[in-house]
Amino acid sequence: MQIFDIFRSIQGETTRAGLPMWFVRLAGCDLRCSYCDTAAARDPEAGRAMTVAEVVAAVSSPALPHVAITGGEPMHQVQEVNALVASLAANGSEILIETNGAHPIDVLDPRAVRIVDVKTPGSGMADRMCWRNLDLVTARDEVKFVLTGRADYDWSKKVLARHRLIGRTTVLFGAAAPLLDPATLSRWILDDGLPVRLNLQLHKLLGLP
Ligand code: SF4
């Protein structure tokens, strides 16, 4: 598999925020989000080729109970990703797969927790969404909106209603830095009584990758 980087950090988002985990960042992404903070990983030839066994070995010392597979976009290497999930699950790890939402998620090994982006109009990539994914997510999965401003927030509320996401899965709302202040987003959430979880990107507050 083509690996951009493997590193340890504190998970900054999702319901696992605050947990130490391994991150396996795959190379290659077919989207070009306006706020992308991992542009170097979008090149499918960036990084180095590694076997699944080499990746498993790299995340085994020290052993951590959680591994996040991220990108770039993991769905471009789905066969290798599923082989990696199988090996890590056999070792007792919990595996999160962070995907950009543009590709059907039902091809992923069901042992992985799927963190699925919903690309808002402010990302410039809303027309690339695979909307069927919002019917496929379950209570184990999480759906993540990164918002660039009020228009994205209002659009996202309509998506929540149209796809009946509240109560069916975990919904994460985060602010795209520096376009939207998380404090402003939190006030909108409180004013509306919206039962979503605020994503704060803890790792960035801590100066971690
Ligand atoms: S999906 Fe992620 S890696 Fe791809 S362009 Fe968007 S922010 Fe960057």
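Above: the structure in question.
Let me sum up the structure you'll find in this document. (Residues numbered from 1 in each chain as written. Predicted model: local features only at pLDDT ≥ 70, side-chain atom pairs only at ≥ 80, totals over all residues. Heavy atoms only, no water.)

**A word on the side chain of Glu-98**
Next, step 1: Within the fold, Glu-98 resides in strand S5 (residues 94-99).
Next, step 2: No salt bridge is formed by the buried Glu-98, whose closest oppositely charged neighbour, Lys-144, lies at an N-O distance of 5.5 Å.
Next, step 3: Side chain to side chain, Glu-98 and Thr-70 meet in a polar contact 2.8 Å long.
Next, step 4: Excluding anything up to four places from it in sequence, Glu-98 contacts Gln-11, Ala-68, Ile-69, Thr-70, Pro-74 and Ile-115. (Helix = DSSP H or I, 4+ residues; strand = E, 2+ residues; numbered from the N terminus. Buried < 20%, exposed > 50% of the residue type's maximum accessible area, 1.4 Å probe, protein only. Lys, Arg positive; Asp, Glu negative; His and termini not counted. Salt bridge = Lys/Arg side-chain N within 4 Å of Asp/Glu carboxyl O. Polar contact = N/O pair within 3.5 Å; in protein donor to acceptor, adjacent residues only side chain to side chain. Contact = heavy atoms within 4.5 Å.)

**Some details on the packing of aromatic side chains**
Next, step 1: For the structure on display, the rule yields 5 aromatic pairs.
Next, step 2: Ring centres of Phe-7 and Phe-23 lie 5.3 Å apart, and the angle between their planes is 5°; this geometry places the pair in the stacked category. Remark: Phe-23 occurs in strand S2 (residues 20-26) and Phe-7 occurs in strand S1 (residues 2-10); sequence separation between them is 16 residues.
Next, step 3: With relative accessibility at 7%, the residue Phe-23 sits in the buried group.
Next, step 4: With a centroid separation of 5.3 Å and 50° between ring planes, the pair formed by Tyr-153 and Trp-188 is classed as tilted. Taken together, the residues span a long stretch of sequence, with Tyr-153 in helix H4 (residues 150-162) and Trp-188 in helix H5 (residues 182-192) at a distance of 35 residues.
Next, step 5: The positively charged end of Arg-150 is found above the aromatic ring belonging to Trp-188, 4.9 Å away from the centroid. (Phe/Tyr/Trp six-rings, centres within 6.5 Å; stacked < 30°, edge-to-face > 60°. Lys NZ or Arg CZ within 6 Å of the ring centre and 35° of its normal.)

**Digging into unusual backbone geometry**
Next, step 1: That bond from Gly-71 to Gly-72 is cis: its omega, 10°, falls within 30 degrees of zero.
Next, step 2: The topology assignment puts Gly-72 in the loop between strand S4 (66-70) and helix H2 (78-90).
Next, step 3: With an omega dihedral of -5°, the bond running from Ala-177 to Pro-178 counts as a cis peptide bond.
Next, step 4: Inspection of the secondary structure puts Pro-178 in the loop between strand S8 (170-175) and H5.
Next, step 5: Phi angles above zero are rare outside glycine, and Arg-164 is one such case at about 45°.
Next, step 6: Take Arg-164: it is sitting in the loop between H4 and S8.
Next, step 7: Given a relative accessible area of 64%, Arg-164 falls into the exposed group.

**What to know about the sheet that holds S2**
Next, step 1: One open sheet accounts for 9 strands, arranged S3-S1-S2-S4-S5-S6-S7-S8-S9; its pairing is mixed. Both edges of this open sheet fall to strand S3 (48-49) and strand S9 (197-199), since each of them pairs with a single strand only.
Next, step 2: Alignment of strand S6 (residues 113-118) against strand S7 (residues 142-147), held across 4 bridges, turns out to be parallel. For Asp-117, the partnering residue across the bridge sits in S7 and is Lys-144.
Next, step 3: On top of the sheet, H4 reaches S6, S7 and S8; it is set at about 160° to S7, its chief contact. (Pairing = 2+ DSSP bridges. Axes fitted to C-alpha atoms, helices over the stretch in contact; angles between N-to-C directions.)

**Notes on the site of the ligand**
Next, step 1: Around the ligand, a shell composed of Cys-29, Leu-31, Arg-32, Cys-33, Cys-36, Thr-38, Arg-42, Gly-72, Asn-100 and Lys-119 is seen.
Next, step 2: Comparing atom positions with the cavity grids shows the ligand to sit within the largest pocket.
Next, step 3: In the shell around the ligand, the residues fall into 4 nonpolar, 3 polar and 3 charged. (Near = heavy atom within 4 Å. 1 Å grid on protein atoms, 1.4 Å probe; cavity = no way out; pocket = protein on both sides within 12 Å on 5 of 7 lines; lining within 4 Å. Sits in = over half its atoms within 2 Å of the grid points. Nonpolar A, V, L, I, M, F, W, Y, C, P; charged D, E, K, R; others polar.)

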